[in-house]
Amino acid sequence: MNHLRAAFLRPVCRAHSLPSTSCGGAFSGQTFRGLHWAARAGGRVSTHSLRRDVPRPGRTSWRNASTESGPTPSPRPSSSSSTPPHGSRPRFKTREEMYAARNRSLLMYTTAVIIVGVGVTYAAVPLYRMFCAATGFAGTPKVGMGKFEADRLVPVENAKRIKVHFNADTSDALPWQFTPQQKFVSVLPGETSLAFYKAKNKSDKDIIGIATYNVTPDRIAPYFAKVECFCFEEQKLLAGEEVDMPLLFFIDRDVLDDPACRNLDDIVLSYTFFRARRNAQGHLEPDASDEVVQASQGFSGYEIAPKAEDRAKSEKASSS
C-alpha cells in the first residue's frame, strides 16, 4: 500500500511549479524523507511544502566534491575581450586572413628590396667616381689629398713672403718667342698665385711645342705645387699665332717646418719650350737629345738611366 501511495505522489514532482530537472536530481534528502513519512501517514503533501525545499536557480545548496576542498576558480576571460600578450603571434579567425597577412608582409619586403636596388643603381656611378678619386683606381687622379686639400690652401699670415722669379727659354729648333708676363710675384706659404706666359709662333707653319720646367734651388722643389700648368702638354700654335698661357701655383705651408728652407727668400721658376716630335709609340716628346731635356728640368748633374728602346738596341747589337 505504501508503494502505491509513493507511486501516486510521483506526478507531483513533475508539476509546473517545480524546476525542469528530475525529482531525483532536484530535491534534497529532506524532501524525500518528508514525502516518505507523509505517504506512510496516509496524508497528502502540499505543493507549498515542496516549493520550500526545492533549490532555486542561483542558490544551489550543494557543491561539487572536487571544489569543496579549495577555493572556487575565477572565471576565465573570453578571447574576444582579452588582449594577446606582447610578442605572441596574431591569431586569425580564418585561413584566408592568415594568407592575406602573409601576402601583405611579402609585398612590403619585396617593395623595400626593389627601392633599395633602384637607389643603389642610380648611386653606382657617383660612388664609383668618388672611390676612384679617393684611391686613384683606373688611373684617376687623386683629389682632396695631401697638399691639395682645401684647408691647406690658406695663406699663413704671420709668415715671411717668398719671391718667385720667372724665366723662359726656347729650343733653337723652335721658332717661337716665349716670355713671362711678369718678372716675379711675392706669395705667402699656402697662398695660390696666378701668373702668365706669352708665346708667339714667328714662322709661317703650324708648330706643336712641349714645355718642361724646373725650380731652383732644389730644396724648395718638393713644396712647389702647380694647380694649372701648360707644361708637358702639346701646345699647337698656328702660323703667326700669339697666346697667353696661365700658371696657377702655390707653395706648400709645410715649407715652414723644413729647416733647410727656413732662410729661403727667392725662387726661380724656369720654363723651356721644345719642338714636339712623335716617338715609336706615337706619343709626342721634345725634339731634342735626352741630355738637353734633362738639363732643362734641372737634372744635368745626375746620371740618367737609358730608355727602354735604347737598352733593347744596345742588347741587340751586343748579341749580334
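This text follows the structure it describes.
Here we summarise the structure given alongside this text. (Residues numbered from 1 in each chain as written. Predicted model: local features only at pLDDT ≥ 70, side-chain atom pairs only at ≥ 80, totals over all residues. Heavy atoms only, no water.)

**What about the pattern of salt bridges?**
Counted by the stated rule, this structure contains three salt bridges. For Asp-265, the salt bridge is made with Lys-160, and the minimal N-O distance between the two is 2.6 Å. Within this pair, whereas Asp-265 is found in the loop between β8 (242-251) and β9 (266-278), its partner Lys-160 is found in the loop between α5 (95-135) and β1 (162-170), the two being separated by 105 residues in sequence. Residue classification places Lys-160 among the partly exposed positions, given a relative accessible area of 44%. Across the salt bridge formed by Arg-161 and Glu-191, the nearest N and O atoms sit 3.5 Å from each other. Of this pair, Arg-161 sits in the loop between α5 and β1 while Glu-191 is found in the loop between β3 (184-187) and β4 (192-201), placing the two residues 30 residues apart along the sequence. Overall, Arg-161 belongs to the partly exposed group, its relative accessible area being 44%. (Salt bridge = Lys/Arg side-chain N within 4 Å of Asp/Glu carboxyl O. Helix = DSSP H or I, 4+ residues; strand = E, 2+ residues; numbered from the N terminus. Buried < 20%, exposed > 50% of the residue type's maximum accessible area, 1.4 Å probe, protein only.)

**A short note on a nonpolar patch on the surface**
Taken together, the side chains of Ile-114, Val-118 and Tyr-122 define a hydrophobic patch exposed on the protein surface, amounting to about 350 Å² of accessible area. Secondary-structure assignment places Ile-114 in helix α5. The class of Ile-114 is exposed, set by a relative accessible area of 52%. (Patch = residues over 30% accessible without salt bridge, like charges linked within 9 Å, V, L, I, M, F, W, Y side chains within 5 Å. Areas by Shrake-Rupley, 256 points an atom, 1.4 Å probe, with all protein chains shown as cover.)

**Let's talk about the packing of aromatic side chains**
All chains considered together, the criterion is met by 12 aromatic pairs. When the ring of Phe-166 is compared with that of Phe-249, the centres are 6.1 Å apart and the planes differ by 70°; the resulting orientation is edge-to-face. Linking Phe-166 in strand β1 with Phe-249 in strand β8, this pair joins segments that are 83 residues apart in sequence. Ring centres 5.7 Å apart and planes at 65° place the aromatic pair Tyr-197 and Phe-230 in the edge-to-face group. Taken as a pair, Tyr-197 in strand β4 and Phe-230 in the loop between β6 (224-228) and β7 (235-237) lie far apart in primary sequence, 33 residues in all. Residues Tyr-197 and Phe-230 agree in their burial class; the two are buried. Among the aromatic residues, those joined into a ring-pair cluster are Phe-166, Trp-176, Phe-178, Tyr-197, Tyr-213, Phe-224, Phe-230, Phe-249, Tyr-271 and Phe-273. Taking the ring centre of Phe-184 as reference, the NZ or CZ of Lys-163 above it sits at 4.6 Å. (Phe/Tyr/Trp six-rings, centres within 6.5 Å; stacked < 30°, edge-to-face > 60°. Lys NZ or Arg CZ within 6 Å of the ring centre and 35° of its normal.)

**Considerations on the nonpolar core**
Of all hydrophobic cores here, the largest spans 33 residues; its most connected members are Val-164, Phe-166, Phe-178, Tyr-197, Ile-251 and Tyr-271. Listing elements by their share of this core, those giving two or more residues are β1, β2 (176-180), β3, β4, β5 (207-216), β8 and β9. (Core = buried A, V, L, I, M, F, W, Y, C linked by side-chain atoms within 4.5 Å.)

**Overview of unusual backbone geometry**
Residue Thr-216 is joined to Pro-217 through a cis peptide bond whose omega torsion reads 0°. Within the element layout of this structure, Pro-217 appears in the loop between β5 and β6.

**Thoughts on the sheet that holds β8**
Picture the strands of a sheet paired through backbone hydrogen bonds; they go either parallel or antiparallel. Strand order across the open sheet formed by four strands is β2-β4-β8-β6, with antiparallel pairing between neighbours. Only two strands of the sheet have a single neighbouring strand rather than two, namely β2 and β6. Ignoring strand direction, the axes of neighbouring strands in this sheet form an average angle of 30°. Two elements, β4 and β8, share nine bridges in a ladder whose sense is antiparallel. Along β8, the bridge assignment pairs Ala-195 with Leu-247. (Pairing = 2+ DSSP bridges. Axes fitted to C-alpha atoms, helices over the stretch in contact; angles between N-to-C directions.)

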